[in-house]
Amino acid sequence: MAIQFTKERELEINLINQLIQGESQWHYRDDLTNEAALWQNLRNILEANNRAILRGVALTEQEFMQVKTQLTFISFYEAAKWLAGENGIAKVQVQREDASLGTIRLNVINRADVAGGSTSYEVINQFTSGKQQANDRNRIFDVTLLINGLPMIHIELKNRQHPYMDGFRQIKKYLKEGKFKGIFSSVQMFVVSNGTDTRYIASALYSQLNERFLCKWVDTSNKPITDYLAFAKAVLSIPQAHKIVTQYSITDKDNEALILLRPYQIHAIEAVKQASARQQSGYVWHTTGSGKTLTSYKVACNLLQIPAIDKTLFIVDRVDLDQQTTSSFTSYAEFDPVSIDETDNVNDLVQRLASEDRGVVITTIQKLNHLMKRMAETNISERKQKRYDKIKSLKVAFIVDECHRAVTPRKKQELDRCFQYALWYGFTGTPIFAENPRAELGDLARTTEQQYGKRLHEYTVKEAINDQAVLGFQVEYKSTLEEDEIDRIICHYHANKELNQLSTKEKEKLIPSEVYDNNRHRLKVIDSIINKSKSKLGFTTENGEGKAYGTILTVPSIAIAQEYYDLFKRVIAGLETVKISEHTRSILPDFPKVAMTYSLSENEESSIRNQEKMKEVLVDYNQCYDTNFTLETIRAYNQNINARLARKQSRYHRRAEQIDIIIVVDRLLTGFDAPCISTLFIDRPPMRPHDIIQAFSRTNRLFDQGKTFGQIVTFQTPLLYQDAVEQALFLYSNGGENHVLAPTWQEAKARLQRAIKALRNLVPTPEATHHLTLGEKRQFAKLYQRFDKAFNAASVYFDFDITKLEEDFSITESEIEGYHGFYVNVLEELRDNRDDDEVEPLDIEYVLLTHRMEEINYRYILSLIQRVVPNAETASGLHLEDDTQYQEVDNYIQTLSEENSKLASLMDTLWQNIKRDPESYRGKNITELLEQMISETIQHLVTKFAEIWAVEVDKLRFVVDNYNPNRSKQNGEDELRNTSHYDVYKTSTENPVPKLRYWRSIKEAYMEMMQNNILPLRLRH
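Every value quoted in this text rests on a predicted model; they were computed, and no experiment measured them.

What counts and how
- Residues numbered from 1 in each chain as written.
- Predicted model: local features only at pLDDT ≥ 70, side-chain atom pairs only at ≥ 80, totals over all residues.
- Heavy atoms only, no water.
- Helix = DSSP H or I, 4+ residues; strand = E, 2+ residues; numbered from the N terminus.
- Rg over C-alpha atoms; globule rule 2.2 N^0.38 Å.
- Buried < 20%, exposed > 50% of the residue type's maximum accessible area, 1.4 Å probe, protein only.
- Pairing = 2+ DSSP bridges.
- Phe/Tyr/Trp six-rings, centres within 6.5 Å; stacked < 30°, edge-to-face > 60°.
- Lys NZ or Arg CZ within 6 Å of the ring centre and 35° of its normal.
- Core = buried A, V, L, I, M, F, W, Y, C linked by side-chain atoms within 4.5 Å.
- Axes fitted to C-alpha atoms, helices over the stretch in contact; angles between N-to-C directions.

This part takes up the overall build of the protein chain. The helix and strand tally for the protein chain stands at 40 helices and 25 strands. Taking 1021 residues into account, the globule formula puts the C-alpha radius of gyration at 31 Å, and the protein chain, at 31 Å, falls close to it. C-alpha extents for the protein chain along the principal axes are approximately 100 × 90 × 85 Å. The buried share of the protein chain, taken over its 1021 residues, is 55%.

Structure (structure tokens):
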């Protein structure tokens, strides 16, 4: 007998019953089932909440149309900006038809009025979203939650027969069809559930809604709450639901995105709030990469709401992090009722502290140290002394990022003596425990708890990986030394040791560090990075332009970093035995782009040499990226490297602006957030536990679908490194459970072998697939998906060799291709023949990982053209393998000309010139050449336009660079208008437009230029 699943409609009714239980909860409105009814309901609530402002005169139809226009948003992000409101109150402006009533501002939602008298909470279901176009169809929404009449939370339910991801895919489909328009454009949160498993995510447009950011809810002990009714009680009840969409949401200006905090962040914020009410300090342990900056930002905002606290200081431990944190905070605070003050110097810090403002002050421990020295001086003016006395008496809440390094126990002791009333809230991903304490130094604190107080909340690396808040780690332990080499080394350095009595691990302990300090070893490391890491770094022909991930190489000293830098340059120039493979060059002709950063000092013996070397590095960097950094601007250089490596700004999304490999000693291994970094290469002895976790965590931020692990490769003493990593994970996984590592190569290999065996047991050969029954086809599809996952997982290891596929796995590429061809056909058949009685239904929407079609795209075509160009060290061009690839380039340009004639014309010009005389392009980067042609073309258009219309070229260039086709008024438009000279235009133009139409004509002309000439040149296909 088939299992009888609870119907979707029954789940819907159960959910609504849960939501309306208790006092001050949601009120069910079964009459609100279409958009007209929702708008009328909002109108009723708006008028009821603004009686005093309306002065008894209800809104007219024309006036309410103004409201509807303001509450119809072009994106969920714009809705979130509006929701932030004025001092926390979201309003609309109405020009009254009766002129005597003037212009009024109506309160719509008060983010602080949680369950208050002016806030109404309603739940609706079975809403009909009507057709947007003639060929469209109506859609029925499941459950939506309204705050003061505006849809804020939308829920899609599936029964337990289907995965919750079907609900997510349904929302994606609705977004693509334009269903979340009109009054539904205000939605801030999506929830999807199949009853058993529930997830939530911040609202985003179709192209930006990424399933990787679906989040499960956990309680304060990090235990999952996934049942839909339990989730509704914990998350969707009042006041929690109101807080999540108004107080626990972030508008990220830099990324133009709405962010909803994860549950562990919310629990930590609440824990700090409760501790501050008790006047207690403490620390928060949230694993690196889980969003501590967001959490600490919201903690800072919350502390400002406590009258007993005068100032909130956010302390970071380095200048570059000071700016990174300030940038993040400023982006988050753009639309929040909180001011973020950065302190450029100590005088600025004094001014901020002495002022009456209640903003969040971000500063470094170094600046605070200088402040304390000033305050300790005896010979100061009376005015300064009064100011310092005022600062000393402040009730200050210190928030400390990376708290066990940013503020030492001694420094905290000094600050406590200086600030008489201080609360401390430390944030760290790697606390110092009794197992790894600081060295004993008098009565100074040796652990994080001793320094800051009790742990207020914890969220470990194990929990973060389980919740998919961060990625797991995949660690490969490599050695450049063969077994017989190790034996010879032991005999040389330890002649008295008996080799046959030593284990491999004991031998590793005896290897001196100088064994690795040579170019032979370093060249093997470089070869591994540039020629054997394409999967790790994510650059393949199908990924297209700018899709390569970044990577960090960490070494034990500045001198070795410099040796590596020089060696990379020689390899790139073709002067070493290690060569960049032609396959690598065909995909990324300019790979690898290498940079280096380290701390400069003045008084050490090596200072002069390090500064001279850095000058050389800066020259290379300036030539590569058209910058002009010097030793005097080294801080700006480091900031630029950080930004370029992180790629958070749109300008660094272009391949020409990116760094592939950054060589460091310790810089960037802590506190640096760059989700596009996929791999950390380590050529140094094993590090301490917290340093291992910190360094590893540079790699495991969520990024895109292709990035599945934070990948780490070590090149020294593999067994010792494995022990060190296991100890670190034991310490920082809350109880010592070691569940955060990816499988070893042997495990991944065995898994793939089992998947192939299972596939062959059902279908011995691809030819045998044609005789399967429908049920067997369904089983085959599941087995092929299992194989696909196993193959993809195994293929990223160094040990995986596609040329040994038959030898290692008893299968050939042609057989895989045959199975794949049958699989895609079977899937189409099964779409129309679903088995609703299956306990584990086939995932019809599964996306194959191993056989993505290689799209013939812009980046791929440029790589083909690059192959015609002679390298600097070769006698002649490589030429393409056959005429079909020449034809492929011609065909692409022909096809592109139909869609984008401007870009196609430039590409064709370059291609014809190269074919005519490839020698003149020797050693040149084709991508950069084309980008230069595009830039020069745009500059010519801008210059010509400015000349014709008599406007300043620099102001026009600013408008062009910042042009947003979705905005009616562009950034810099007013400044451009102020530079326009009608008289100059009139005298130089044959048929000038009248003066009254002059500016409108300029605007129409530059918009036409953007749409027809410039925007097409910015597209990449």
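Ordered in space as S1-S4-S5-S6-S7-S8, the six strands form an open sheet in which the pairing is mixed. What marks the edges here is a single partner per strand, and that holds for strand S1 (27-28) and strand S8 (198-202). The pairing of strand S5 (residues 139-147) with strand S6 (residues 150-157) spans five bridges and is classified as antiparallel. Residue pairing across strands places isoleucine 147 opposite leucine 150, the latter belonging to S6.

Per the stated rule, a full pass over the model turns up 42 aromatic pairs. When the centroid spacing of 5.1 Å and the interplanar angle of 70° are considered together, the rings of tyrosine 982 and tyrosine 998 count as edge-to-face. Placement of tyrosine 982 in helix H39 (residues 982-988) and of tyrosine 998 in helix H40 (residues 998-1018) is noted, with a sequence separation of 16 residues between them. For the pair shown, tyrosine 982 and tyrosine 998 are each scored as buried. Among the aromatic side chains, those forming a connected cluster through ring pairs are Phe780, Tyr784, Phe787, Phe791, Phe800, Phe809, Tyr819, Phe822 and Tyr823. Taking the ring centre of tyrosine 206 as reference, the NZ or CZ of lysine 172 above it sits at 4.5 Å. Taking the ring centre of tyrosine 564 as reference, the NZ or CZ of arginine 522 above it sits at 5.8 Å.

Ile153, Phe180, Met189 and Leu236 are the most contacted members of the largest nonpolar core, which totals 108 residues. Counting 107 residues, the second-largest nonpolar core is a separate cluster that includes Leu368, Cys403, Phe681 and Leu731.

Pairing is parallel in the open sheet, where six strands are placed in the order S20-S25-S24-S21-S23-S22. Looking along the sheet, the strands with just one partner apiece sit at the ends: strand S20 (472-477) and strand S22 (594-596). The mean inter-strand angle of the sheet, taken between neighbouring strand axes irrespective of direction, is 20°.

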